[in-house]
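Structure assessment
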Amino acid sequence: MYRAGIVTLSDKGAAGEREDVSGAVIREILEKAGYEVVSYRLLADEGEDLKEELMRLSDEVECDLVLTTGGTGFSPRDVTPEATLAVADRNAPGIAEAIRAYSMTVTKRAMLSRGASVIRGSTLIINLPGSPKAVRESLEYILDTLSHGLEILSGRGGDCARK
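Here's a quick rundown of the structure. (Residues numbered from 1 in each chain as written. Predicted model: local features only at pLDDT ≥ 70, side-chain atom pairs only at ≥ 80, totals over all residues. Heavy atoms only, no water.)

So, on to the nonpolar core. Residues Leu-30, Tyr-35, Leu-65, Leu-124, Ile-126, Leu-139 and Leu-146 are the most contacted members of the largest nonpolar core, which totals 25 residues. For this core, the elements supplying multiple residues, two or more each, are strand 1 (3-9), helix 2 (21-32), strand 3 (65-69), helix 5 (93-104), strand 6 (123-128) and helix 6 (132-154). Of all the elements, helix 6 adds the most residues to this core, at 7 residues. Apart from the residues within four sequence positions on either side, Leu-124 is in contact with Asp-64, Leu-65, Val-66, Ala-92, Ile-95, Val-118, Ile-119, Leu-146, Leu-150 and Leu-153. (Core = buried A, V, L, I, M, F, W, Y, C linked by side-chain atoms within 4.5 Å. Buried < 20%, exposed > 50% of the residue type's maximum accessible area, 1.4 Å probe, protein only. Helix = DSSP H or I, 4+ residues; strand = E, 2+ residues; numbered from the N terminus. Contact = heavy atoms within 4.5 Å.)

Have a look at this one:
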């Protein structure tokens, strides 16, 4: 079982003006897949607050996986990728690239997503889109492969080579 944290970035959600449906979708999918959700936070689109939360979840809570939703678009308040990259030890671009590539088969607007995927210590951090539909599509697309990446990252798994 892997420990997961969820962070939703939404000014309206943090102000109580909008329900956090995307974060709930992430929780539903992760729990169904056997992950233990140990933290679930809703924050305004503030880069410093997100950086602090990502560091807390990685360094103190010791999550294996942290998923964010929201803040990956073109709005001046969308700072999730920048905050994520700022706390990274290593980049893991293939995950974000796979999400965009798959999403492009659904809508050309997926090219406007700026989501990132990185590693901090032994924590994998992935930015998911903000809409519940896109969150579900993206997470369901990558979920089966994530377990292998988490095995390797945590030292529980072996070699990636095929025989």
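Attention now goes to the environment of Ala-98. Note that Ala-98 resides in helix 5. On the basis of relative accessibility, which here comes to 27%, the residue Ala-98 falls in the partly exposed class. Distance from Ala-98 to Ile-142, taken between C-alpha atoms, is 7.8 Å for residues 44 residues apart in sequence.

Turning to the pairing of strand 6, a few remarks are in order. Counting buried residues in strand 6 gives 6 out of 6 residues, a clear majority hidden from the surface. Going residue by residue along strand 6, you find Thr-123, Ile-125 and Asn-127 tucked away on one face and Leu-124, Ile-126 and Leu-128 tucked away on the opposite face as well. Across 4 bridges, the pairing between strand 5 (residues 117-120) and strand 6 is antiparallel. Of the residues in strand 6, the one forming a bridge with Arg-120 is Thr-123. (Pairing = 2+ DSSP bridges.)

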